[in-house]
Amino acid sequence: MPQIVVYGLPGIPLGCIFALIAVGLVLAYTTSGVFNLAFGAEAYAAALLFYVAVHAGWPKWAAFVVSVVLFGPALGLAMDRYLFRHIRTASTLAKLIASLGLLIAIPRLTEVIFGNAVRMAPPSLILNPNHIYFHLGSYAVSGIEISTVGVTTAALIVLIGLFGFTQLGLRMRAVVESPRMVQLTGINADRVSMVAWVISGAFASLAGVLLAPLYAQLLDYNFTGLLVSGIAAAAIGGFTSLPLAFAGGIGLGVIQEILGGYLPSGSILSSGLQDAFPFLVLVVMLVALPSLKREHETNDPLASCDPPPPPLASTLRNQSFDRWTRYASWTILFIFVLSVVTWIPGNWVFTLSQGMVFSIIFLSITLLTGMSGQLSLAQATFAGVGAFAAGQLADHFGLSVIAGMFVGGLLAAAVGIIVAIPTLRMGTLALALGTFALALLVGSVVFPYSWAGNGNSGISVPRPLIGPVSFQDDRAFFLLSLVILVLCSLVIIMIRRGMVGRSLLALRSSEVAASTIGIDVRRLKIMVFALSSGIAGIGGALFASLQQSVSPADFSYDLSLLFVVVVVTAGVRTVEGAIEAGIGYYLLLQIMDFLPARYSGGVILPILFGLGALSYARHPEGLVEFQKRVWTERLLRLRDRLGGTPSTPDSDLPDEVVIPAVHHPPATG
Amino acid sequence: MGKMRGLPVRRGSNSLGFRSCSGRPMVSLIAVLSIGILLSACSNAKAVYSKSGNTNGVYPHKIVVGALASLTGPVPAAFAPAIDGAKAYFDMINARGGVDGRHIDLAYVLDDASNPAQDTDQARTLVEQDHVFAVVPVATPSFSGATYLTSHDVPTFGYAVTSQWDGPKNLFAYDGYVNFSYPDPDYAFVAQQLGDHRAAVVAYDISSSVTACNAVVAALRKFGIDVVYENLAIPVPASGLTAAVQRMKQDGVDYIASCMDISGDIQLAHKLAQAGISNIPQLWLDGYSVSAVHTYGSLMNDVYVFNSNVPFEAAAEYPGMAAYINTLHKYFPTARPSEVSLAGWASADLFVQGLRAIGRDVTRTRLISAINNMTDFTANGILPPVNWKYNHSGEAGWECNSFLKAVDGHFHPVFGSSSPRGRSVFTCFDMPQPATNKLVPIPLPPGVPLASTSGSTG
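Residues numbered from 1 in each chain as written. Chains lettered and ligands numbered in written order. Predicted model: local features only at pLDDT ≥ 70, side-chain atom pairs only at ≥ 80, totals over all residues.

1. So, the overall build of chain B
When helices and strands are counted, chain B shows 12 helices and 16 strands. Among the 458 residues that make up chain B, the fraction classed as buried is 54%. Long-range pairs, those at least 24 residues apart, make up 70% of the contacts in chain B with a sequence separation of at least 6. (Helix = DSSP H or I, 4+ residues; strand = E, 2+ residues; numbered from the N terminus. Buried ≥ 20, exposed ≤ 12 C-beta atoms within 10 Å, placed from the backbone. Contact = placed C-beta atoms within 7 Å.)

Pasting the structure below:
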C-alpha cells in the first residue's frame, strides 16, 4: 500500500467528525442564518450525558437513545423554539452573540449538574475502540474507526434520504437555495427551520459521542478546539453546500494526517502547520470564495441592519436630575478612591485593580462591538500580545513597563491590522470566525514559546517606577490603573463624540447607507479594529504588571469569548458598561467565594453572563444598562409624583442619537 | 414614530473627535514632549520582599491554614484530591492531640477555577482576609500566586507542576524540586535494563513537555542509546500520532520515551497497537494512574512509569504508605490513593514536621528556617530523603525514583536496589550525572526508605 495512503487513512475517521460538525453548522446557518458557535458545547453535553449514563450502568443503546436520539434533537428544538426563531431577523452580530452565550454557558451548566470529576476512557458507541477488527493492506482498522465511519455513513444516508426523497427535504433544500422564494410559495419557514435545528442538534450529539473516545479524557475544550476544523470544512462548502461541507471535512482530516506524515518530524514547521492548518484553510476560504464575502441573507431585507438602539439611561435624565446624579457620582467616586487608599483590605484593593485593568480591555470591546458593530473573538489574545511584549522588553532590555505598555499596544494594533485587512471586508461573521481561529492558533502555537509567554512557567513582569514614585505597592498601582482607565475612557468618549463616532454610528446602522454618504467603510473598520486591539494590548500589559507574572493561560481563547458575553450583558455601548463589567465581574468572583466550589463564581458567573448575552437581540444596550434605564424612568416618575416638575429630556445633545424603534424583536427567552 | 435627529458634528473636532491641533502646533509639541519626559522618567520598580516573621493564624489552641487548588474550570478536578490528602493527614494529627497542643485547622479551601488571575487573587485572600498562617496544600496548573506568597514570606507547601516552585525559600514542593532540564538518567536506565538501543522520544509542543524531553534526549544520547526518532512537537490535544508511529516502525524503534500527558500517552499506545508494535516498551513521564491502568488494561502492557514516592502497590512493605492509604480510606472512604492526593498528604506532613521542629514559638520565619535546615524529610518513609538545604535549586546531589510496569490492568514495582542495609523499591543516580558515559545506579544513600521497615521519620 502506498505510504501516502497509509498516512491518509487514519484521517478518514477524524474527517468524519469534522464532516458531522460542518453539516450541522451549515444546516442551521442556511435555514436560520445562525452560525451556531455553540455546536461544540452541544456535542460535549451529549458526550457527557452518554458517559454518565454508561458509567451509571445503562446499556449503551439506552445511553445512545437518551443522549443522541432525545437530548441532542431536544436541545436543538429548544434553541430554535426559545431563542433563534425569535431573532431570525436580527443582525448577524446578535445571532453570533446569542450562540456565543450558549457556548459559554452550556459546559459550565453541565459542571453544576454533573460535577467536574476526571472522566477517563469515554466509552465507544458500538465496538471496542482499541480492538483491531481487520487490516486494509498494512493498516490495522480498530473499533473506534469502524464505528465512526460506519455511523457517519449511516447519518449521511439518512440525510440524503431526507433531502432527496421527502417533501420536507425538498422544502429544506429550497430554503437553502432561496429562503425568500420559499416563503412566497407559502411554506412555513419556521417549521423548516425547526426541523433543521433538530437535525443539527442530532448531528452535534452524534459527533460528540463519536468524538469522545478519540481522547483518553472527556474534556470540553477538545470539542471547542475541533470546532475550527468543522468551521473550515463548512467554509469549503461556502457555508451553504452540505455535500461540499461533508467532503471538505473528510478532506481536511485526511490532509492533516498526511501533512503529519511527510513534514519533518518535530520541526516547528510540522507542529505549527498541523495546528495552523484548519485556520489557514478557513482564512483562504474566507478570502478566496466570493460567496463568503456576502453574509447569508435571511428573509428580512433589514436583517443586516441593527435594531434601532433604545435610548440610554443617561439620555433620559433632565438637567436637574442629571446635576444631582453627577454630584452623587463624583462623591461616590471620591469616597471609593479614598477608601481604597486608606482602609479597604489589600486583597480587595488588588481585586478592584484587576477589575479596572479588565475594564480597559473591555473598553476595546465597547469600541469594536458597541460602536462599530463588529465582533472580535480574540481580545484576550491581543491583551496577551501587549502583556508578553511589555514583559519581554522589561526582562531583556530593561525597558520600563510603562513604555513597554505603549509598545505592546502598538504591537497588538499591528497584529489587529494584519487580521483585519483580509477578514473585515467580508463582514461580521468572517471577522468573528477569523479572530476565533486566530485566538486558538496564537494560544497554542505562538504564546507557549519562551520568547513569548514561556509556556506554563510564564514570565515575570515588574511594577513600574515613575521618577521617585514606585507602584510596587498595590494601592499606588490602583491609582495608576485608575488614571490609565480614565485616559482610555476619555479616548473612547472623544471618539464617540467626534466624527469617527458619528461615522461608526452610521456604519452600525447600515453599512450601505454609510458608504453612500461618503464614509470609507473599509478604512474606518480597519482603523477601529487596530485601535481596539491596541487598547486591549495596553490593558494586557497593565494586567501583566499588576499580576507580576503572566503565562499563556492568562490569555486563553476561551477568555476572549467570556469577555464578549460579560461586556454585552453589562452594556456594550457605553464606557460605564465596560467599567461595570470589569469591576463587577471580578468583585462578584471574589464575593461568591463562600459558595461551594461547584457553585462558585468561576462556574456560576459564566452561566449567568452567558445566558444574559442571549438577550442581546432584544437589549443590545445590555441588561445592566436596560435596568438602569428602567430604574431611571421609575425614579423620574416617582419624583414627578412627589410634586416636582414633569421631567423633560435634557436639551443638550445625548451621547447617542436616539432613533425611534421601528421594530423590536419579541422576547428571546 | 418620533423624530430622527441628524448626525451632528461638533465644531473644531478632527476625524478622531479630538479638538483640532492644526492651529496650535505648540499644544502638540507640548503633548509629545510631556509624553517623552514621562517615558524617560519611567523605569521598573524592584520587587521588595517582606520578611515579616508574622504569626497570623497562630492561636493558643490552633493554627489556621488555607489551601489553594483548581477545583473547577476547564481543567477537571485532577487537582482536588490534594485537599483530601491534606485533610486526612490533619484529621489524623488532630485526633492525636495536634502539634504541641495546637490543632491544625484547614479552615479555608479556595478554588482558582484553573484561572491564573484568580489564583493570585485567592492567594491574597488567604493571607490578607483569612489571615492563614500557611498555605497547605497548593495544587494548581497555574500557580501565579507564587510571586505574592513569596513576597510575603508565607510558608507554602504543595504539588509542583510548574517552575514557579524553583528557587523561593518559602515554597516547598512535597517531594523536593526536580530540575527538568538536567539530563534525566531514568529514561536511559530503563532502556539499558531492557536492552533497547533505538529510541523514539515524543513530547507536546508546549515548553514544559519539550524541556522535559530535551533532557531525555540528552540523557539517552549521553548513555549510548540511539535516538532514531524525535518528535517534540505533538499538538495538544494529541493528533497526528499515526504518522509518528508509522515512522517509528520504519525506523526500527525498540523503546519509546514520552513526555506527554496520560491522554496523549493512551492515544500513542492505541496507535502502536494498531500498527502491530504494541510490544515496544514505553516509559511515560505522566502515567502513574491506578484508575487509568484499570481502565485501559492490556493496552498499557509494556508501559513503564516512575515516580518519586513509594508505589501504592508496595504499601505492604512500607508502613508509611500503608498509613497514608488507611487514613485516607478512614476519613474519605470513596477517595482513591493517587499521586495528587499523596502530594497533599506529604505537604501536610512536611508542615507538621516543621512545626514540631520549632515548638510552641510559631512564626513564619522560624518555620521556613526550620524546614530549610531539614536534610532527610521522607514523609514518614514514603519519599527518598529530601534535603531542604539544597533542594530549592535542585542541587541535592542525587535522585531516587521507583519504577513500575503495567501488566494486565495493574502496576508492578520493578528494578529497585539492594544494599547491606536492605532492599528498596528506589533506584538512585547522581544528579547531575558525572561526565562519564556509563550509567550506574549509586548505592542507596542514607535515609532512603527500605522495604519491610518502619521507615524513617522525617
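2. Considering the sheet that holds strand E3 (residues 103-111) of chain B
Residue and element names in this part refer to chain B. Spatially, the five strands line up as an open sheet ordered E3-E2-E4-E5-E6, and their pairing is parallel. The outermost strands of the open sheet, each flanked by one partner alone, are E3 and strand E6 (171-173). Strand-to-strand twist of the sheet, defined as the mean angle between neighbouring strand axes without regard to direction, takes the value 25°. The sheet contact formed by strand E4 (residues 134-139) and strand E5 (residues 156-159) spans three bridges and is parallel. Across the sheet, the residue bridging to valine 138 is glycine 158, located in E5. Its contacts with the sheet place helix H3 (residues 116-129) against strand E2 (62-69), E3 and E4, and it is angled at close to 175° to E2. (Pairing = 2+ DSSP bridges. Axes fitted to C-alpha atoms, helices over the stretch in contact; angles between N-to-C directions.)

3. A closer look at helix H6 (residues 207-222) of chain B
Two residues of an α-helix separated by three or four positions point the same way, owing to the 3.6 residues in each turn. Residue and element names in this part refer to chain B. Along its 16 residues, H6 runs 22 Å from first to last C-alpha, staying within 8% of the 22 Å computed at 1.5 Å per residue. Residues of H6 that are buried sit in contact with helix H5 (185-194), strand E7 (198-204), strand E8 (226-234) and strand E9 (255-258). Taken from the residues just after H6, glycine 224 is the one with a positive phi, measuring 85°. (Expected span 1.5 Å × (residues − 1).)

4. Quick look at the sheet that holds strand E5 (residues 469-470) of chain A
Within the open sheet, the three strands sit side by side as E5(A)-E4(A)-E1(B). Their pairing is antiparallel. Of all strands in the sheet, those with a lone pairing partner are E5 of chain A together with strand E1 (42-44) of chain B, marking the two edges. Pairing of strand E4 (residues 464-466) of chain A with E1(B) involves three bridges; the strand directions are antiparallel. Within the sheet, the bridge partner assigned to Pro464(A) lies in E1(B) and is Asn44(B).

5. Describing helix H4 (residues 60-82) of chain A
All names here are of chain A. Helix length check: H4, at 23 residues, gives a terminal C-alpha distance of 31 Å against a target of 33 Å (1.5 Å per residue), a fit within 8%. Buried within H4 we find Ala63, Phe64, Ser67, Val68, Phe71, Gly72, Pro73, Leu75, Gly76, Met79 and Asp80. Residues of H4 that are buried make contact with helix H3 (39-55) and helix H9 (189-211).

6. Brief notes about the domain arrangement of chain B
All names here are of chain B. Looking at the assigned domains, one finds that chain B contains domain 1 (49-178 + 314-396) and domain 2 (180-307 + 398-458). One C-alpha centre belongs to domain 1, the other to domain 2; they are set 28 Å apart. Each side of the interface is counted separately: domain 1 has 22 residues, and domain 2 has 22 residues. Elements supplying a minimum of two residues to the side of domain 1 that touches domain 2: helix H10 (319-331) and helix H11 (339-358). Ranked by the residues each element gives to the side of domain 1 that touches domain 2, the list is headed by H11, at three residues. (Domains from an automatic or database assignment.)

7. Considering the pairing of E4(B)
Residue and element names in this part refer to chain B. Across the six residues that make up E4, a large majority, six, are buried. The pairing of E2 with E4 spans four bridges and is classified as parallel. Across the sheet, residue valine 65 finds its bridge partner in E4, namely alanine 134. Crossover E4 to E5 through helix H4 (residues 146-151) is right-handed. (Right-handed = clockwise from strand over helix to strand, strands pointing away.)

8. What to know about the domain arrangement of chain A
Residues and elements named next belong to chain A. Taken domain by domain, chain A consists of domain 1 (3-293) and domain 2 (346-586). A straight line from the C-alpha centre of domain 1 to that of domain 2 covers 32 Å. Facing 22 residues of domain 1, the contacting portion of domain 2 comprises 23 residues. Those elements that place two or more of their residues in the side of domain 1 that touches domain 2 are helix H5 (92-114), helix H10 (220-236) and helix H12 (268-288). Here the side of domain 1 that touches domain 2 is composed, by residue class, of 16 nonpolar, four polar and two charged. (Nonpolar A, V, L, I, M, F, W, Y, C, P; charged D, E, K, R; others polar.)

9. A short note on the packing of helix H15 (residues 346-371) of chain A against helix H19 (residues 474-497) of chain A
Residues and elements named next belong to chain A. Running from N to C, H15 and H19 point in directions that differ by 15°, and their axes come no closer than 9 Å. In terms of axis orientation, H15 runs roughly parallel to H19. Like other packed secondary-structure pairs, H15 and H19 cross with a definite hand, here left-handed. Looking at the contact of H15 with H19 residue by residue, the classes come out as 17 nonpolar, six polar and three charged. (Parallel < 35°, antiparallel > 145°, perpendicular 65-115°, else oblique. Left-handed = near helix turned anticlockwise from the far one by under 90°.)

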